Protein chains: 2
Amino acid sequence: MLIKFFIRPRKGVLDPQGRAVAENLRSLGFSDVKDVKVGKYIEVYIEDKTVEEAEKEAHEMAKKVLVNDLIEEYDIEIVENR
Amino acid sequence: MLIKFFIRPRKGVLDPQGRAVAENLRSLGFSDVKDVKVGKYIEVYIEDKTVEEAEKEAHEMAKKVLVNDLIEEYDIEIVENR
């Protein structure tokens, strides 16, 4: 079973990496780039369980380890049979 | 218009950050964690265009700037009206 975490900087939080990537893209000809956010994509493989249990565990993992709630926000996605 | 990039280390490529997160999760009681991959989640906001054009541009961005094809693989998702 697979939990995917999509973590990004909160709105208003400085994101120097995102600014650098945006400038880099524009300088290479992607002139229509308006904004870029750089965050983390984490895949956590766990033993099979119900989707409800996995979701509960995922939010606990986010809170305790993976996400800094002050400056980051996140979404999760549960993938069965992985 | 929003392009989401999900970038992760290729299978077989060393992922020390993933190992560290896995050990950290297990030590905090998430004993059913089997494996962890840590990658990048990037949001690129661009001017509106067709989904086909956006997809083509996204793969060019990945190839030229965002993804190191030797050690990383990626998926994209196009979100309209953002």
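Structure shown above.
Starting from 1, residues in each chain are numbered consecutively following that chain's sequence as written. Written order decides the labels, with chains lettered from A and ligands numbered from 1. Reporting of local features is limited, given that this is a predicted model, to residues whose pLDDT is at least 70; pairs of side-chain atoms are given and counted only at 80 or more, and all residues count toward the totals for whole chains, interfaces and linings. Each side-chain value is derived from all of the structure's non-hydrogen atoms; neither hydrogens nor water enter the calculation.

Engineer: Looking at this model, I keep getting lost on the packing of aromatic side chains. Mind explaining?
Structural biologist: Aromatic ring pairs are described here by two measures, namely the spacing of the ring centres and the angle between the planes. Any pair of Phe, Tyr and Trp rings, taking the six-membered ring for Trp, is counted once the centres come within 6.5 Å. Such a pair is stacked with planes under 30 degrees apart, edge-to-face with planes over 60 apart, and tilted for the rest. By the definition in use, this model includes five aromatic pairs over all chains. Arranged with centres 5.6 Å apart and planes meeting at 10 degrees, the rings of Phe6 of chain B and Tyr41 of chain B form a pair that is stacked. One end of the pair, Phe6 of chain B, is in strand S1 (residues 2–9); the other, Tyr41 of chain B, is in strand S2 (residues 33–46), and 35 residues separate them in sequence. Here Phe6 of chain B and Tyr41 of chain B have matching classes, each one buried. Three or more aromatic residues link up through ring pairs in this structure, and these residues are Phe6 and Tyr41 of chain A together with Phe6 and Tyr41 of chain B. Only DSSP runs of H or I reaching four residues or more are called helices, and only runs of E reaching two or more are called strands; each is numbered from the N terminus. Exposure classes here rest on a 1.4 Å probe applied to the protein chains alone. A residue is buried below 20% of its type maximum, exposed above 50%, and partly exposed in between.

Engineer: Looking at this model, I keep getting lost on the interface of chain B and chain A. Mind explaining?
Structural biologist: Many authors give the size of an interface as the accessible area that is lost as the parts come together. Throughout, a contact is declared for two residues whenever any of their heavy atoms are within 4.5 Å. Facing the 31 residues of chain B at the interface are 31 residues of chain A. A combined buried area of about 2900 Å² lies between chain B and chain A, and 65% of that area is made up of carbon and sulfur atoms. The buried area of a pairing is the accessible area, by a 1.4 Å probe, that goes missing from both parts when the two are put together, added over both. It is Phe30, Asp32 and Tyr41 of chain B that lose the most area in chain B upon contact with chain A, and together they represent 22% of the buried surface on that side. Ionic pairing is found between Arg8 of chain B and Glu43 of chain A, a salt bridge with its closest N-O pair at 3.9 Å. Whenever a nitrogen or oxygen atom comes within 3.5 Å of another N or O atom, the pair is scored as a polar contact, on the condition that within protein one atom can donate a hydrogen and the other can accept it, and that pairs from neighbouring residues in sequence are kept only if both atoms are in side chains. Along the contact surface separating chain B from chain A lie 12 residue pairs in polar contact (both at pLDDT 80 or more). Any carboxyl oxygen of Asp or Glu within 4 Å of a side-chain nitrogen of Lys or Arg constitutes a salt bridge here.

Engineer: I tried to follow the sheet that holds strand S3 (residues 72–79) of chain B on my own but got confused; where do I start?
Structural biologist: Hydrogen bonds between backbone atoms are what pair the strands of a sheet, whose relative direction is either parallel or antiparallel. Any two strands between which DSSP finds at least two bridges are classified as paired. Reading across the sheet, the six strands line up as S3(A)-S1(A)-S2(A)-S2(B)-S1(B)-S3(B) and stay open at both edges, with antiparallel pairing between neighbours. At either end of the open sheet lies a strand with only one pairing partner, and these are strand S3 (72–79) of chain A together with S3 of chain B. Strand-to-strand twist across the sheet, computed as the mean angle between neighbouring axes with direction ignored, equals 20 degrees. Where strand S1 (residues 2–9) of chain A lies against S3 of chain A, eight bridges are found, and the strand directions are antiparallel. Considered in S3 of chain A, the bridge of Phe5 of chain A is made with Ile76 of chain A. To get an axis, fit a line to the C-alpha atoms, keeping to the stretch in contact for a helix; angles then go from 0 to 180 degrees between the N-to-C directions. Across the sheet, helix H1 (residues 16–27) of chain A lies against strand S2 (33–46) of chain A together with S2 of chain B, angled at about 120 degrees from S2 of chain A, the strand it touches most. Each of S1, S2 and S3 of chain A together with S2 of chain B is contacted by helix H2 (residues 51–66) of chain A, which is oriented at about 150 degrees to S3 of chain A, the strand it contacts most.

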